[in-house]
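Topology and contacts: notes
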There are 2 protein chains.
Amino acid sequence: MVSIKDIAKKAGVSISTVSYALNGNPKVTQETSARILAIAKELNYIPNAAARNLKKRETKILGVFLTDYSGAFYGQLLQGMRETLSQKGYELIVCSGKRSHLFLPERMIDGAIILDETLSDEELLQYADLGHKLVVLDRELDHPNISQVLLDNKAGATLAINHLIDKGHRKIYVLTGPKGTYDSIQRLNAVRQAASRHPDIDFTEIEGNFIKSSGEKAAKQILEESNQPVAVFCLNDEMAIGIYDYLSNTDYKVGKDIHIIGFDNIEVSNYVHPRLATIDYSKWRWGAVGSEQLLKLIANEPVEHERIYVTVIEGESVTNI
Amino acid sequence: MVSIKDIAKKAGVSISTVSYALNGNPKVTQETSARILAIAKELNYIPNAAARNLKKRETKILGVFLTDYSGAFYGQLLQGMRETLSQKGYELIVCSGKRSHLFLPERMIDGAIILDETLSDEELLQYADLGHKLVVLDRELDHPNISQVLLDNKAGATLAINHLIDKGHRKIYVLTGPKGTYDSIQRLNAVRQAASRHPDIDFTEIEGNFIKSSGEKAAKQILEESNQPVAVFCLNDEMAIGIYDYLSNTDYKVGKDIHIIGFDNIEVSNYVHPRLATIDYSKWRWGAVGSEQLLKLIANEPVEHERIYVTVIEGESVTNI
DNA sequence: TTGTAAGCGTTATCAA
DNA sequence: TTGATAACGCTTACAA
């Protein structure tokens, strides 16, 4: 491994001069600086990250924590983060798994964006107390070192329900999500609020868990229970796709016998036929805003919580009844 | 920040004793060790990664380099890697972008898996020369510190063509991929070889670039050129989906007017109707095998290049003519 | 069994 | 303008 020591020896200067030259410090003359740089390049010198991190107490690396890598919209989300951060000289690494939770206290990364239920509120608050900067996308957490960038789930769920009602639906199933996750809880609460405003409409909740198979199961149950056309609000798109799958093996048709609206506008929703009506939001923007907030926290600038707005995407999966 | 110094002071021992205790070295007595551990926990001590990395010259972190985060099958691939590596005490981080290319020479990571055309062969060979361990999934590169785990593209493309021929197709379009990427080149070569073995069959190449829009463009061209039923081998699924999209706005039907087979069996291929025929392989296994190879390289065990095998998935997008 | 001390590769302070 | 040197937090011979 070639270190500044090697360069110093070869250039006949001290290591401090090398360090200054390498870091563009104007104290060292153009001449020596050029010579040192040339030698550094010749020797293929690359600074050792550990040594620098140890001394400078920062890595210029930020982490994003995901529960796993399977999420259907991570691509755009991460892209939004990366583009925002790289402009400011920060690198982004994607972390998932128990050991990586230590990256923050270990000072491997300078800050983190959280979209990972497996990290507890307590753990995050503890890090925040230690001075680490965090942006949470999946929970509400109040702390001076934490900023929230949350989806407007309530507006989304309300839009979805209203869309079904506008189309004349009076029997509405709601396929719920996992009990513990923020987005799921928020969406369900909004649905219940909407339900209480519409006593004339028949709302039925079916327990789901945000994965495809629970959509299939729900479809089976719905077909057994009722034969008039019904509407289903799936609290995420993946479950909606599950319903499509189940129906494709029956004579029932989406948008005719069962009307479906989802949430998230994941990529596959663009491909299914008929097109899935859903609630859309910019995943790219979510990542970008989250990153901006993190940079502000790190720069000790004031931050306010942000909200990501949502819109309805209409599709032939919901038609007039 | 709490360091071993703080613990040493509080425990009334030297820092080396603390270090030994923390690392479970049996030289230190149960008693003192227990006391030190207790204090460490009390103070919420977390070892500083930079300091340890600097000293030990390893991080127990491996990187996987991706061109971007948008790949349709990254989820399973990464999952395969993570599950394999975490068993062996390694953490995986996902890196994308210019600066992260330095993670290897900076010694931020102990090794890397490459699926990223933006890294040049020269750069990788240079790292390998410096002693860094690499596994490449997207090119052929011979070096003692590099192991290849490649898709059997040739078998896949041959299978696809044969499937079309078996179904009676005699006019076959081939929608190609970007000129520079390994998988694309390999697949096209295999197609040309198959073509030379079947002079009776009419092969036509259309230039594509692995993204959806080139499928749409190709569909337009194909419909303009020919009206008898034709077959198309799309060198990846994404372009095949593009054809579906284009046809959905016409009166032509997949599996009837245009027969399509893809490559990769990405998630959306499961959702489209009719089901897309395609070439499948285990993304999880690809990641897992790649990881195993990397661990072997790091342990200085002998490695041989590996191949990931492929199979045909039939679908109603290709029917008998 | 525990302590002393050197060293990992940088940065940065102070003196020359 | 450059050089000597301490320090960052940790590991690990070697000494006690």
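Per an unreviewed UniProt entry, the recorded name for chain A is LacI family transcriptional regulator, and the organism is Metabacillus sediminilitoris.

Here's the deal with the domain arrangement of chain A
Assigned domains of chain A: these are domain 1 (4–47), domain 2 (57–151 + 283–309) and domain 3 (153–280). With centres defined by C-alpha atoms, the gap from domain 1 of chain A to domain 2 of chain A works out at 36 Å.

With respect to unusual backbone geometry
In the segment running from H273(A) into P274(A), the intervening peptide bond is cis, with an omega of -5 degrees. Mapped onto the elements of the fold, P274(A) is located in the loop between β9 (258–261) and β10 (278–280). For N44(B), which is not a glycine, the phi torsion comes out positive at approximately 60 degrees. On the basis of relative accessibility, which here comes to 41%, the residue N44(B) falls in the partly exposed class. The backbone phi angle of N300(B) is positive, close to 60 degrees, even though this residue is not glycine.

Here we look at the protein's contact with DNA strand D
Surrounding DNA strand D, one finds 29 residues, the nearest of these being S14(A), T17(A), R57(A), I4(B) and Y45(B). When the atoms of DNA strand D within 4 Å of the protein are sorted by group, sugar and phosphate make up 57%. At the level of elements, α2 (15–22) and α4 (49–56) of chain A together with α1 (4–11), α2 (15–22) and α4 (49–56) of chain B are the ones that each hand at least two residues to the surface near DNA strand D.

Details of the sheet that holds strand β8 (residues 230–234) of chain A
All names here are of chain A. One open sheet accounts for four strands, arranged β7-β6-β8-β9; its pairing is parallel. Strands at the two margins of the open sheet, each flanked by one partner only, are β7 (202–206) and β9. Neighbour-to-neighbour, the strand axes of the sheet open up by a mean angle of 25 degrees, direction not taken into account. Bridge count between strand β6 (residues 171–175) and β8: four bridges; the pairing is parallel. Bridge pairing links L175 to C234 in β8. Lying over the sheet, helix α7 (residues 153–166) contacts β6, β7, β8 and β9, oriented at roughly 170 degrees with respect to β8.

Focus on the interface of chain A and chain B
If you look at the interface, chain A gives 47 residues, while chain B gives 46 residues. Along the contact surface separating chain A from chain B lie two salt bridges. Across the pair E106(A) and R52(B) runs a salt bridge whose closest N-O atoms are separated by 3.9 Å. Where chain A touches chain B, the interface holds twelve residue pairs in polar contact (both at pLDDT 80 or more).

Thoughts on the protein's contact with DNA strand C
Taken together, 30 residues form the shell around DNA strand C, and within it Y20(A), S16(B), T17(B), K55(B) and R57(B) come nearest. Of all DNA strand C atoms lying within 4 Å of any protein atom, the proportion belonging to sugar or phosphate reaches 58%. Note that a phosphate oxygen of DNA strand C is positioned 2.5 Å from one of the side-chain N or O atoms of T17(B). Broken down by secondary-structure element, the contributors of at least two residues to the surface near DNA strand C are α1 (4–11), α2 and α4 of chain A together with α2 and α4 of chain B.

A short note on the environment of E31(B)
With respect to the helices and strands, the residue E31(B) is situated in helix α3 (residues 30–42). Residues E31(B) and D116(B), spaced 85 residues apart in sequence, show a C-alpha to C-alpha distance of 52 Å.

Looking at the nonpolar core
In this structure, F233(A), I260(A), W286(A), I172(B), F233(B), I260(B) and W286(B) are the most contacted members of the largest nonpolar core, which totals 145 residues. Among residues more than four places away in sequence, those in contact with I172(B) are I161(B), L164(B), I165(B), I201(B), D202(B), F203(B), T204(B) and A231(B). Counting residues in each nonpolar core, the second largest holds 38 residues, with I93(A), A112(A), A128(B) and L141(B) among its members.

What to know about the environment of N48(B)
Secondary-structure assignment places N48(B) in the loop between α3 and α4. Sequence separation between N48(B) and G97(B) is 49 residues; the distance between their C-alpha atoms is 26 Å. Beyond its immediate stretch of four places on either side in the chain, N48(B) contacts L54(A), E106(A), R107(A) and M1(B). Looking at N48(B), its side chain comes within polar contact range of the main-chain nitrogen of A51(B), at 2.9 Å.

Regarding the sheet that holds strand β8 (residues 230–234) of chain B
Paired through their backbone hydrogen bonds, the strands of a sheet run either parallel or antiparallel. Residue and element names in this part refer to chain B. Strand order in the open sheet made by the four strands is β7-β6-β8-β9, with parallel pairing throughout. For this open sheet the edge positions go to β7 (202–206) and β9 (258–261), each flanked by a neighbour on one side alone. Neighbour to neighbour, the strand axes of the sheet diverge by 25 degrees on average, direction disregarded. Relative to β9, β8 runs parallel, the two sharing four bridges. Residue pairing for β9: V230 is matched across the bridge by I258. Where helix α7 (residues 153–166) meets the sheet, its contacts fall on β6 (171–175), β7, β8 and β9, and the angle it forms with β8 comes to roughly 170 degrees. Running at roughly 160 degrees to β7, helix α8 (residues 182–197) makes contact with β6, β7 and β8 of the sheet.

Here is what the cut-offs are and how they apply
- In this numbering scheme, every chain counts its residues from 1 along its sequence in written order.
- To read the labels, note that chains go from A and ligands from 1, taken in the order they are written.
- Owing to the predicted nature of the model, reporting of local features is limited to residues with pLDDT of at least 70; listing and counting of side-chain atom pairs is limited to 80 or more, with chain, interface and lining totals taken over all residues.
- Where side-chain values are given, they derive from all heavy atoms of the structure, hydrogens and water being excluded.
- Residue ranges labeled as domains rest on an automatic or database domain assignment.
- Helix and strand definitions here come from DSSP, where helices need a minimum of 4 consecutive H or I residues and strands a minimum of 2 consecutive E residues; each element is numbered from the N-terminal end.
- Burial classification: accessible surface area is computed with a 1.4 Å probe over protein chains only, and a residue below 20% of its type maximum counts as buried, one above 50% as exposed, and the rest as partly exposed.
- Residue proximity to a molecule or strand is established when one non-hydrogen atom of the residue lies within 4 Å of it.
- When DSSP locates at least two bridges between a pair of strands, those strands are taken to pair.
- To get an axis, a line is fitted to the C-alpha atoms, and for a helix only the part in contact is used. The angle between two axes follows their N-to-C directions and goes from 0 to 180 degrees.
- Contacts: residue pairs with any heavy atoms within 4.5 Å of one another.
- Each reported salt bridge corresponds to a side-chain nitrogen of Lys or Arg within 4 Å of a carboxyl oxygen of Asp or Glu.
- A 3.5 Å cut-off defines polar contacts: any pair of N or O atoms within that distance qualifies, except that in protein one atom must be a possible hydrogen donor and the other a possible acceptor, and neighbouring residues in sequence count only when both atoms are side-chain atoms.
- Remark: nonpolar core denotes a set of buried residues (Ala, Val, Leu, Ile, Met, Phe, Trp, Tyr, Cys) joined through side-chain atoms within 4.5 Å.

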